[in-house]
Amino acid sequence: MTGIAHANVLVLDGSTGQPRETLGGKAWSIEQMRALDVPVPPAFVLTTQVCQEYYDGGQELPVHVWSAVPEAMSHLEHVTGRTFGTGDHPLLVSVRSGAATSMPGMMDTVLNLGMTDGVSQALAAQSGDPAYADDTRERFREQFEQVVGVAAPDDPWEQLRLAIIAVLDSWNSRRAVSYRRDRGISDDGGTAVTVQAMVFGNLDNRSGTGVLFTRNPLSGSAEPYGEWLPRGQGEDIVSGRSDALPLDDLASVMPGAYTDLMTAATKLEQHSRDVQDIEFTVESGTLWLLQTRSAKRSPEAIVRHAVQLQRQGLISVSEALDRIAPEHLETLLAPHIDPAALDTATTVATGKPACPGIATGTVVVDADEAQDRAEAGENVVLARPSTHPDDVAAMSMCQAVLTELGGSTSHAAVACREMGIPCIVGCGEGTVTGTAGQELTVDAAEGTVYKGRPTIVAGSEGEDPDIVQISTWLQEELGGDAAGSLAELLRIRSGQ
Amino acid sequence: MHKEIRVLQAVRLKGRPQAGDIARSTDIPAESLDALLSRLVEDGLLSEARGRYKVTPEGKERLHELLEAERASIDTDALLSAYRDFEPFNSQFKQLMTDWQQIDENTPNDHSDADYDARVVQRLGELHDDFLPLVERIVSVVPRLAAYRDRFSSALAAAVDGDHSWLAHPLKDSYHTVWFEFHEELIGLAGLSRQAEAAAGRAE
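Since this is a predicted model, take the numbers as computed values, not measurements.

Cut-offs and rules
Residues numbered from 1 in each chain as written. Chains lettered and ligands numbered in written order. Predicted model: local features only at pLDDT ≥ 70, side-chain atom pairs only at ≥ 80, totals over all residues. Heavy atoms only, no water. Core = buried A, V, L, I, M, F, W, Y, C linked by side-chain atoms within 4.5 Å. Buried < 20%, exposed > 50% of the residue type's maximum accessible area, 1.4 Å probe, protein only. Helix = DSSP H or I, 4+ residues; strand = E, 2+ residues; numbered from the N terminus. Contact = heavy atoms within 4.5 Å. Axes fitted to C-alpha atoms, helices over the stretch in contact; angles between N-to-C directions. Parallel < 35°, antiparallel > 145°, perpendicular 65-115°, else oblique. Left-handed = near helix turned anticlockwise from the far one by under 90°. Nonpolar A, V, L, I, M, F, W, Y, C, P; charged D, E, K, R; others polar. Buried area = accessible area lost by both parts, 1.4 Å probe. Salt bridge = Lys/Arg side-chain N within 4 Å of Asp/Glu carboxyl O. Polar contact = N/O pair within 3.5 Å; in protein donor to acceptor, adjacent residues only side chain to side chain. Pairing = 2+ DSSP bridges. Phe/Tyr/Trp six-rings, centres within 6.5 Å; stacked < 30°, edge-to-face > 60°. Lys NZ or Arg CZ within 6 Å of the ring centre and 35° of its normal. pLDDT = per-residue confidence, 0-100. 1 Å grid on protein atoms, 1.4 Å probe; cavity = no way out; pocket = protein on both sides within 12 Å on 5 of 7 lines; lining within 4 Å. Points joined across faces, edges and corners; volume = space filled by probe spheres on them.

Caption draft 1: Main features of the nonpolar core. Phe44, Leu46, Met73 and Leu113 of chain A are the most contacted members of the largest nonpolar core, which totals 50 residues. With seven residues, the top contributor of residues to this core is helix H7 (residues 156–170) of chain A. Aside from chain neighbours lying at most four places away, what touches Met73 of chain A is Phe44, Phe84, Leu91, Val93, Trp157, Leu160 and Val195 of chain A. Within the second largest apolar cluster, 40 residues are counted, among which are Phe89, Val139, Val178 and Trp179 of chain B.

So this is what it looks like as structure tokens:
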């Protein structure tokens, strides 16, 4: 779409040709997706130049900018078949800040903007869910007031104008200014303002919302992995609702949307040359991508994906090795109990894993005694009903820590994670403190405590094909003289 | 006697602290602290080995008596009301610590994302600002706890300054360490046991 008659109010159609500094991070990412022909809810941006002009003009939104907004909004109406502030199919929009680099203290986002009495009724009729419409409206009012700082006016255009101004003002919030000062970021850059059509995953039985990882972020397999919540909206899926379904469900219910999703996922992964974490919504059978970013993954997945992406020709050997940290390999190769020994091992207790690792030692239930025996060189497992501050010094010297009460956010869990000490919490009252003097083996990755000393094996560098590949790469890059474990070779490579 | 209870309690809570750790916890100047530590060792209430102090069984008994006397002298209603107000802060703080260490349940925070870490530190700053008036209120009920004010603020300042070990490192006087000890004080002053509180899900 062309024909927007303003150089600084740009419809994001994939052809603006503008850099990140002008569009801001959020709009730039939408623009990238549009350029790949990935379906993204239509949006436009007020560029960072508008912000500069706003401050040059004494914090007044320039009239020529504001008068270009209705035409940009009409583009959103045209693409969605909805109308802003009125009609049976009302258009709601989100308004977001977006500087070239994200920074705290900037106005985050106002969702569902354009909400009025009439719009709320139309939403209720359209979704057949009056409670949802009420809830959306209430959330909008609260969010608007909190973020913009005044009660939401009835006029949707005034809502839009105030939200835009709030974004521009937030560029000079105390926190944003101090963040820039601390990091030496210029105050001149300014924030862009991105306005994007909202889409609805809760509209009907052919709607829903989900997340897709282009590859499995836990096991590291090359298969896509994700969840899908029919008739879900927005945060429902990200917040981990338990009634989410596997993506196969989407494939069987709406094969078209599923195929579109897989096509878009492949494009995004190839373009970014990294595994993506994608949020999407299906509205009445039509797929919309809301966000994509490089996926956070387990150490094992990071290692395996690096090898896969190189094999597919997306990244070079050198880039693949750059993506693997020594710690990732160490975790993958960390010792674990020999599966063959598990058949005969006796389980003493189970609890919640708080900090992974495996260790064997003698159980001591008194912190003072534990400290003395650990100082004398004994391998000690400290078992406590719950932890007190005075246990921490002893914990730091033990091989592993067990508690009977408490969850994965307990003080013991926090302290052990900081110190990297294997820890299982919440084993149950009277379970582990009764084992004083016994030799136990703690598998804190699994949350299981075994009697005695089952055989522990180290992950093998010689059997796993991905590890063998990495080993070959490192030998080739460093030359045959380099010696050490793979993690050590990686450290040598990066000059650490 | 006021100083004695502060020193004994600091040594107890720290496990086996050095004189410098005790000075920070009690806010007692080095010279008078050294004299006091020597006296407590002479009296058999503390023992010392390689520069680290430890409360003896007699010291534990003495500390118990002092704490009981203190508990009898304070405004219990005011303390219990403050402890109830501590609860929501404690939940918030625990969530914050979890977010600091874990991106999600299966992903430890490897601290490679500076923006993510900066947001957590910023949230701690906000929590601190909200929490400080409650600390003041508790100090007005139990003046012995006055040193906590500076300990919380110093840990935060060091973390904001860029050394993130001051958020949660257990062997430093990190924000988490100070919180853990402060919570322990409140449980004791309220006449509760940590185990009972843990079973009730309030103090894990």
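Further notes follow.
Caption draft 2: Examining the packing of helix H5 (residues 76–101) of chain B against helix H6 (residues 114–141) of chain B more closely. All names here are of chain B. Close contact between H5 and H6 brings their axes to 10 Å; oriented N to C, the two are set at 165°. When the interaxial angle is binned, H5 and H6 end up roughly antiparallel. For the pair H5 and H6, the crossing hand works out as left-handed. A per-class count over the contact of H5 with H6 returns 17 nonpolar, two polar and six charged.

Caption draft 3: Just the interface of chain B and chain A, in detail. The interface is formed by 38 residues belonging to chain B together with 34 residues belonging to chain A. For the pair chain B and chain A, the summed buried area comes to about 3,200 Å², and 55% of that belongs to carbon and sulfur atoms. The interface formed by chain B and chain A contains eight salt bridges. With its nearest N and O atoms 4.0 Å apart, the salt bridge here joins Arg50 of chain B to Glu375 of chain A. Applying the counting criterion to the chain B and chain A interface returns eleven residue pairs in polar contact (both at pLDDT 80 or more). For the side of chain B that touches chain A, the elements supplying multiple residues, two or more each, are helix H1 (2–14), H5, strand S3 (102–104), H6, helix H9 (175–189) and helix H10 (194–199) of chain B. In terms of residue count, H9 of chain B provides more of the side of chain B that touches chain A than any other element does, six residues in total. Of the residues contributing to the side of chain B that touches chain A, the split by class is 13 nonpolar, eleven polar and 14 charged.

Caption draft 4: Region of interest: the pairing of strand S1 (residues 46–49) of chain B. Residue and element names in this part refer to chain B. One ladder, built from four bridges, connects S1 with strand S2 (residues 52–55); its direction is antiparallel. Within S2, the residue paired with Ala49 across the bridge is Arg52. The antiparallel hairpin formed by S1 and S2 contains two residues in its connecting segment, where Arg50 sits at a positive phi of about 50°.

Caption draft 5: Quick look at the packing of aromatic side chains. Counted according to the given criterion, the structure contains 21 aromatic pairs over all chains. When the ring of Phe152 of chain B is compared with that of Phe182 of chain B, the centres are 5.6 Å apart and the planes differ by 85°; the resulting orientation is edge-to-face. With Phe152 of chain B in helix H7 (residues 147–160) and Phe182 of chain B in helix H9, this residue pair connects regions lying 30 residues apart in the sequence. Accessibility expressed as a relative area gives 0% for Phe182 of chain B, which makes it buried. One residue, Arg180 of chain A, lies across the ring of Trp171 of chain A, its end atom 3.7 Å from the ring centre.

Caption draft 6: Representation of the environment of Ala222 of chain A within the structure. With respect to the helices and strands, Ala222 of chain A occurs in the loop between strand S8 (208–213) and strand S9 (225–230). Separated by 87 residues in the primary sequence, Ala222 of chain A and Leu309 of chain A have C-alpha atoms spaced 9.4 Å apart.

Caption draft 7: Looking closely at the pairing of strand S11 (residues 276–283) of chain A. Residues and elements named next belong to chain A. Where burial is concerned, most of S11 is hidden: eight out of the eight residues are buried. Covered by surrounding structure in S11 are Gln276, Ile278, Phe280 and Val282 together with Asp277, Glu279, Thr281 and Glu283, the residues of both alternating faces. Here S8 runs beside S11; their pairing, made up of six bridges, is antiparallel. Counterpart to Gly210 in the pairing with S11 is Phe280. Connecting S11 to the antiparallel partner strand S12 (residues 286–294) that follows it, the hairpin turn spans two residues, and Ser284 within it adopts a positive phi of roughly 45°.

Caption draft 8: Region of interest: the confidence of the model for chain B. In this model, chain B carries an average pLDDT of 91, and 94% of its residues clear a pLDDT of 70 or more. Interface predicted TM-score (ipTM) for the complex: 0.84; the corresponding pTM is 0.58.

Caption draft 9: View of empty space enclosed by the protein. Across all of its chains, the model carries two cavities of 30 Å³ or more by this definition. Estimated volume of the largest cavity: approximately 110 Å³. Lining the largest cavity are 13 residues; nearest its centre among them are Arg6, Ser25, Arg144, Tyr148 and Glu185 of chain B. At the level of secondary structure, the elements contributing two or more residues to the lining of the largest cavity comprise H1, helix H2 (19–26), H7 and H9 of chain B. The biggest single contributor to the lining of the largest cavity is H1 of chain B, with four residues. The class makeup of the residues in the lining of the largest cavity is five nonpolar, three polar and five charged. Roughly 60 Å³ of internal volume is contained in the second largest cavity. If you trace the second largest cavity, you find eleven residues lining it, with Thr409, Ser410 and His411 of chain A together with Lys94 and His176 of chain B closest to the centre. At the level of elements, helix H18 (411–419) of chain A together with H5 and H9 of chain B are the ones that each hand at least two residues to the lining of the second largest cavity.

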